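Summary of the model geometry
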Amino acid sequence: MEYNQGYGNYFETEALEGALPRNQNAPQKVPYGLYAEQLSGTAFTAQRKENQKSWLYRIRPSVGHEPFKRIDSSNLVRDFSVVHDHLDSVECESTPQQLRWSPFEIPTEKRDFVQGLHTVMGAGSPGARDGLAVHVYLCNTSMGNKAMYNADGDFLFVPQEGQLTVKTEMGRLQVKPGEIMIIPRGIRFSIDVEGPTRGYICEIFFGHFEIPDLGPIGANGLADPRHFLYPKAWYEDLETEYTIVSKYQGYLFQCTQNHSPFDVVAWHGNYSPCKYDLSKFNTINTVSFDHLDPSIFTVLTAKSAFTGTALCDFVIFPPRWTVAENTFRPPWFHRNCMSEFMGLIHGQYDAKADGFLPGGGSLHSMMTPHGPDRQVFEKASTEQLKPIKISENSLAFMFESYKFFSVSKWALHKDKAGGKVLQQDYYKCWQNMGKYFDAKNIKAGPQ
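The sections below set out a description of the structure shown in this document. (Residues numbered from 1 in each chain as written. Predicted model: local features only at pLDDT ≥ 70, side-chain atom pairs only at ≥ 80, totals over all residues. Heavy atoms only, no water.)

**Quick notes on the overall build of the protein chain**
If you tally the helices and strands in the protein chain, you get three helices and 29 strands. Taken against the 2.2 N^0.38 rule, which gives 22 Å for 447 residues, the C-alpha radius of gyration of the protein chain at 23 Å falls within 12% of a compact globule. Over its C-alpha atoms, taken along the principal directions, the protein chain stretches across nearly 90 × 50 × 40 Å. Across the 447 residues of the protein chain, 53% fall into the buried class. A separation threshold of at least 6 residues defines the contact pool for the protein chain, and within that pool the share at least 24 residues apart is 75%. (Helix = DSSP H or I, 4+ residues; strand = E, 2+ residues; numbered from the N terminus. Rg over C-alpha atoms; globule rule 2.2 N^0.38 Å. Buried < 20%, exposed > 50% of the residue type's maximum accessible area, 1.4 Å probe, protein only. Contact = heavy atoms within 4.5 Å.)

Written as structure tokens, this is what we have:
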């Protein structure tokens, strides 16, 4: 597939030459008998540097559908409040306990993306346009003549197993493990898969993801804007029944229409899905001493109302050289004013020797202690320090937020598919941490 490139650029693209009006957005008659439709991703009056919108020129306007009807959305959380969490009507529970899940199981019965979407945790409420959610998708069947859009926020996809072939109103993308994809609020999409497929999603209910400022790093480093790829215009002119699924205030609704929603012949704007290959991330690390803060590995951020504090940072731990001298090189023991959900795309994470597996996840909540297990601590405290490349065959990531995460009952309870893979003994990896203190020996420690 061919793509436009450049993060946040203003694109114009047409699948038929001359389909784009050249001098205005909504002429009295659009070329080829198309309809003009604007899709706004921000308020009309948002500052120009933040304003996001696209003009779509399509065969039929998207308003041509039957009435919406609510459908089952029991796999999704609508409100992450944990007041009276002992009641069945409350969808989440609150716990400061360190949590870790083995790989979330892909079902054997047929499930498409919509059917396989499960909320793991989150904060706030989409109805209040405040907060975020972490989901997993577990599917094995293409969506076919079904499309989805999310009125609640932006989806950040992190595939872990199986390639996604995605049709969107702006065009097509192929996304494989090791790449990520953003589908902004409101844009319709349909996902085809080729077999068992699993991945993670971070959904933000306010704002949009953006690449972080670089500060004293300078003009270059981390994720380069030119490596973000955007679809070129592509359309299908199909008169057949299509189902449109809407995620709206945490519920799912669906309607039908008698034509494909992917009938945009041309578009221009800066509001569009995109994808990014994580192997292109330019990693920053210390070349002297100490393990630096994980913020140096931030690929994308969604800002909160508080300067320097993220609603969500998307952070990766890619292959990289470690050369720090006289340093405990793995991540240190830590308590944090942020909540951290981690996932593993492939390989083995350098701070955990066992138990943290591809397709699983972990949660270290606000101010809950966490850090390396005993095996990693003792090895890192005694090994000869020489330049080595770590995580050569590994890729872990983190969704970090200043919000308190509440955990869905699907992900906690043993009678649910998510709770079934919750590791009940995760806390034990820190229970046997040795005591090395010796008041008479300043050089005490692991030997």
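**Observations concerning the pattern of salt bridges**
Counted by the stated rule, this structure contains 22 salt bridges. As a salt-bridge pair, Arg 22 and Glu 12 come within 3.4 Å of each other at their nearest N and O atoms. Taken together, the residues Arg 22 in the loop between strand 2 (11-14) and strand 3 (35-40) and Glu 12 in strand 2 connect sequence positions ten residues apart. Accessibility assignment for this pair places Arg 22 and Glu 12 in one class, exposed. With a shortest N-O distance of 3.0 Å, Arg 60 and Glu 239 are connected by a salt bridge. Taken together, the residues Arg 60 in the loop between strand 4 (53-58) and strand 5 (69-71) and Glu 239 in the loop between strand 17 (228-231) and strand 18 (242-248) connect sequence positions 179 residues apart. We classify Glu 239 as exposed; its relative accessible area is 63%. It is possible to trace a salt-bridge network through shared partners that takes in Glu 37, Arg 58, Glu 169 and Asp 263. (Salt bridge = Lys/Arg side-chain N within 4 Å of Asp/Glu carboxyl O.)

**Quick word on the environment of Gln 424**
Of note, Gln 424 is situated in the segment after helix 3 (417-420). Sequence separation between Gln 424 and Lys 414 is ten residues; the distance between their C-alpha atoms is 9.9 Å.

**Observations regarding the nonpolar core**
Among the nonpolar cores identified, the biggest contains 81 residues, and Trp 101, Phe 113, Phe 157, Phe 314 and Phe 399 are the most heavily contacted of them. For this core, the leading source of residues is strand 9 (residues 130-139), giving six residues. The next biggest cluster of nonpolar side chains, apart from the first, holds ten residues, and it includes Met 342, Tyr 349, Phe 356 and Met 398. (Core = buried A, V, L, I, M, F, W, Y, C linked by side-chain atoms within 4.5 Å.)

**Examining the pairing of strand 26 (residues 361-364)**
Neither face of strand 26 is left uncovered, since the one carrying Gly 361 and Leu 363 and the one carrying Ser 362 and His 364 both have all their residues buried. Note: strand 7 (residues 99-101) against strand 26, three bridges, orientation antiparallel. By the bridge assignment for strand 26, Leu 99 is matched with Leu 363. The pairing of strand 25 (residues 339-346) with strand 26 spans four bridges and is antiparallel. Its bridge partner being in strand 26, Met 342 is matched across the sheet by Ser 362. (Pairing = 2+ DSSP bridges.)

**A short note on the packing of aromatic side chains**
Within this structure, the stated rule accounts for 30 aromatic pairs. Considering the side-chain rings of Tyr 200 and Phe 397, the 4.8 Å spacing of their centres and the 70° angle between planes classify their relative orientation as edge-to-face. A residue pair is termed long-range when its members are at least 10 positions apart, and Tyr 200 in strand 16 (residues 197-204) and Phe 397 in strand 28 (residues 395-401) qualify at 197 residues. You can call Tyr 200 buried: its relative accessible area is 1%. Taken together, Phe 113, Tyr 137, Phe 155, Phe 157 and Phe 189 form an aromatic cluster joined through their ring pairs. The ring centre of Tyr 251 lies 4.0 Å from the NZ or CZ of Arg 70, which sits over that ring. The residue whose ring lies beneath Arg 78 is Tyr 251, and the NZ or CZ to ring-centre distance is 4.9 Å. (Phe/Tyr/Trp six-rings, centres within 6.5 Å; stacked < 30°, edge-to-face > 60°. Lys NZ or Arg CZ within 6 Å of the ring centre and 35° of its normal.)

**Thoughts on the environment of Met 338**
Tracing the sequence through the fold places Met 338 in the loop between strand 24 (320-322) and strand 25. Note on Met 338: relative accessible area 10%, which makes it buried. When the C-alpha positions of Met 338 and Ser 365 are compared, they lie 7.1 Å apart, and in sequence the two are 27 residues distant.

**Re the sheet that holds strand 21 (residues 274-277)**
Reading across the sheet, the ten strands line up as 1-17-21-14-11-16-9-8-29-6 and stay open at both edges, with antiparallel pairing between neighbours. Of all the strands in the sheet, the pair left with one neighbour each is strand 1 (3-5) and strand 6 (92-93). With four bridges connecting them, strand 14 (residues 179-183) and strand 21 associate as antiparallel partners. Opposite Ile 182, over in strand 21, you have Cys 274 as the bridge partner.

**Here we look at the sheet that holds strand 25**
In spatial order, the strands read 7-26-25-28-23-22; together these six strands make up an open sheet with antiparallel pairing. The open sheet terminates on both sides in strands that have one partner only, identified here as strand 7 and strand 22 (298-303). The sheet shows a mean angle of 15° between the axes of neighbouring strands, direction not considered. The pairing of strand 25 with strand 28 spans seven bridges and is classified as antiparallel. The residue of strand 28 that forms the bridge with Gly 343 is Phe 397. (Axes fitted to C-alpha atoms, helices over the stretch in contact; angles between N-to-C directions.)

**Remarks on helix 1 (residues 374-382)**
Those residues of helix 1 that fall on the buried side of the exposure criterion are Val 376, Phe 377 and Ala 380. Down the axis of helix 1, the smallest arc covering the buried residues is 100°, so these residues share one side. Exposed residues lying more than 90 degrees from the buried face of helix 1 are Gln 375 and Lys 379. (Arc of directions from axis to C-beta.)

**Concerning the side chain of His 208**
Residue placement: His 208 occurs in the loop between strand 16 and strand 17. A polar contact is formed between the side chain of His 208 and the backbone oxygen of Gly 41, at a distance of 2.8 Å. Here Asp 154 takes part through its side chain, which lies 2.7 Å from a polar atom of the side chain of His 208. Ignoring anything within four residues of it in the chain, the contact list for His 208 reads Gly 41, Thr 42, Gln 52, Asp 154, Tyr 271, Thr 301 and Ala 302. (Polar contact = N/O pair within 3.5 Å; in protein donor to acceptor, adjacent residues only side chain to side chain.)

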